[in-house]
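# A structural walkthrough
As a plain string of letters, each chain reads:
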Amino acid sequence: MKEEISLSRVNRLINSGNVILVTSSYKDRSNIITLAWHSPISIKPPVIGISVAKTHFSSELILKGEEFIINIPDWSLLDKVIYCGKHSGRDVDKFKEAKLTKEKANRLIRTPKIFECIGSIECILRDYKEIGDHYLFIGEPIYVEAESELFKQDIWDTSKADLIYHLGSNFFMKSSKFIEK
Ligand SMILES: Cc1cc2nc3c(=O)[nH]c(=O)nc-3n(C[C@H](O)[C@H](O)[C@H](O)COP(=O)(O)O)c2cc1C
């Protein structure tokens, strides 16, 4: 079961820099992109930035649809994460090919979230900047949720949830230790 998380804690879902799957949509097209480049930008109000190459299909959908959802995959989804990061939605339906299930979002009407993910952040596109060959899309989170067994006291319990980290190229690592100091 996923439970709603306070917007003031939205940064805690991606604070560690874990790889995310971003869903977007416009008219009858929806898509998934794998992203390693993202960041919380402000706490009050909550603002999150994602960096997407201008040539990617997702950039087109986010610019036109003006919304996106950050979905949090765990280690069990690594193969699907790689698939979504190596194929373009211009050529394939990644929901179908990666066998990821579209689920109705809690607030956004057009963009689906991914059922198999352990959390999601629904964002309205508030602004964007062209920076080199990427767009920095600036999103205002309007609804955040996380698996209650895995996200405790506003922190991912990495002794139970292995988040995915991208080292570059074909190299990944997972979070498996949870240390309190
Ligand atoms: C682990 C991983 C991380 C990635 N991170 C980013 C990223 O931060 N920004 C980006 O623009 N592309 C990133 N990519 C590449 C895109 O996911 C990839 O080019 C994708 O096929 C684009 O899909 P689209 O054309 O359907 O939008 C990453 C790929 C992988 C495998």
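The following refers to the structure shown. Note that the structure is predicted; figures quoted are calculated from it, not measured. (Residues numbered from 1 in each chain as written. Predicted model: local features only at pLDDT ≥ 70, side-chain atom pairs only at ≥ 80, totals over all residues.)

Within the protein chain, the regular secondary structure consists of three helices and 14 strands. Principal axes of the C-alpha set define a box for the protein chain whose edges measure 45 × 35 × 35 Å. Each of the 181 residues in the protein chain was classed as buried or not, and the buried ones make up 39%. In the protein chain, the share of contacts with a sequence separation of at least 24, taken over all contacts with a separation of at least 6, comes to 64%. (Helix = DSSP H or I, 4+ residues; strand = E, 2+ residues; numbered from the N terminus. Buried ≥ 20, exposed ≤ 12 C-beta atoms within 10 Å, placed from the backbone. Contact = placed C-beta atoms within 7 Å.)

Pairing of strand E1 (residues 2–4) with strand E10 (residues 134–147) involves three bridges; the strand directions are antiparallel. Looking at the pairing, glutamate 3 lines up with alanine 146 of E10. As judged from the twelve bridges shared by strand E9 (residues 119–131) and E10, these two strands associate in the antiparallel manner. For glutamate 122, the partnering residue across the bridge sits in E10 and is tyrosine 143. Where E9 hands over to E10, the hairpin turn is made up of two residues, of which glycine 132 adopts a positive phi near 60 degrees. (Pairing = 2+ DSSP bridges.)

Within the structure, the ligand sits among 21 residues, and Trp37, Ser58, Gly85, Ser88 and Gly89 are positioned closest to it. The set of elements that each furnish at least two residues to the shell around the ligand consists of strand E3 (29–35), strand E5 (47–53) and helix H1 (57–65). Element by element, the count of residues in the shell around the ligand is highest for E3, at four residues. (Near = placed C-beta within 6 Å.)

If you look at the biggest cluster of nonpolar residues, it comprises 42 residues, and the most contacted ones within it are Ile20, Leu21, Val22, Ile69, Ile70 and Ile121. Discounting residues that sit within four places of it in the chain, leucine 21 has contacts with Ile32, Thr34, Asn71, Pro73, Val81, Cys84, Ile114 and Cys117. (Core = buried A, V, L, I, M, F, W, Y, C linked by C-beta atoms within 7 Å.)

With that settled, the discussion passes to unusual backbone geometry. Looking along the chain, the bond that leaves lysine 44 and enters proline 45 is cis, with omega of -5 degrees. When you line up the elements, proline 45 lands in the loop between strand E4 (38–42) and E5. For lysine 27, which is not glycine, the phi dihedral falls at a positive 50 degrees. By the element assignment, lysine 27 lies in the loop between strand E2 (20–26) and E3. Even without being a glycine, glutamine 153 presents a positive backbone phi close to 50 degrees. By secondary structure assignment, the location of glutamine 153 is in the loop between strand E11 (151–152) and strand E12 (155–156). Of the residues examined, glutamine 153 has 7 C-beta atoms within 10 Å and is grouped as exposed.

Another point: the pairing of strand E14 (residues 171–174). Strand residues, when the strand is regular, have side chains that alternate between the two faces of the sheet. Note: strand E13 (residues 164–168) against E14, four bridges, orientation antiparallel. The partner of glycine 168 across the bridge, within E14, is phenylalanine 171.

Mapping aspartate 127 onto the fold places it in strand E9. The class of aspartate 127 is exposed, set by 11 C-beta atoms lying within 10 Å.

Moving on, we come to the environment of threonine 55. The residue threonine 55 is located in the loop between E5 and H1 in this model. Between the C-alpha atom of threonine 55 and that of histidine 134, which follows or precedes it by 79 residues, the distance is 8.2 Å.

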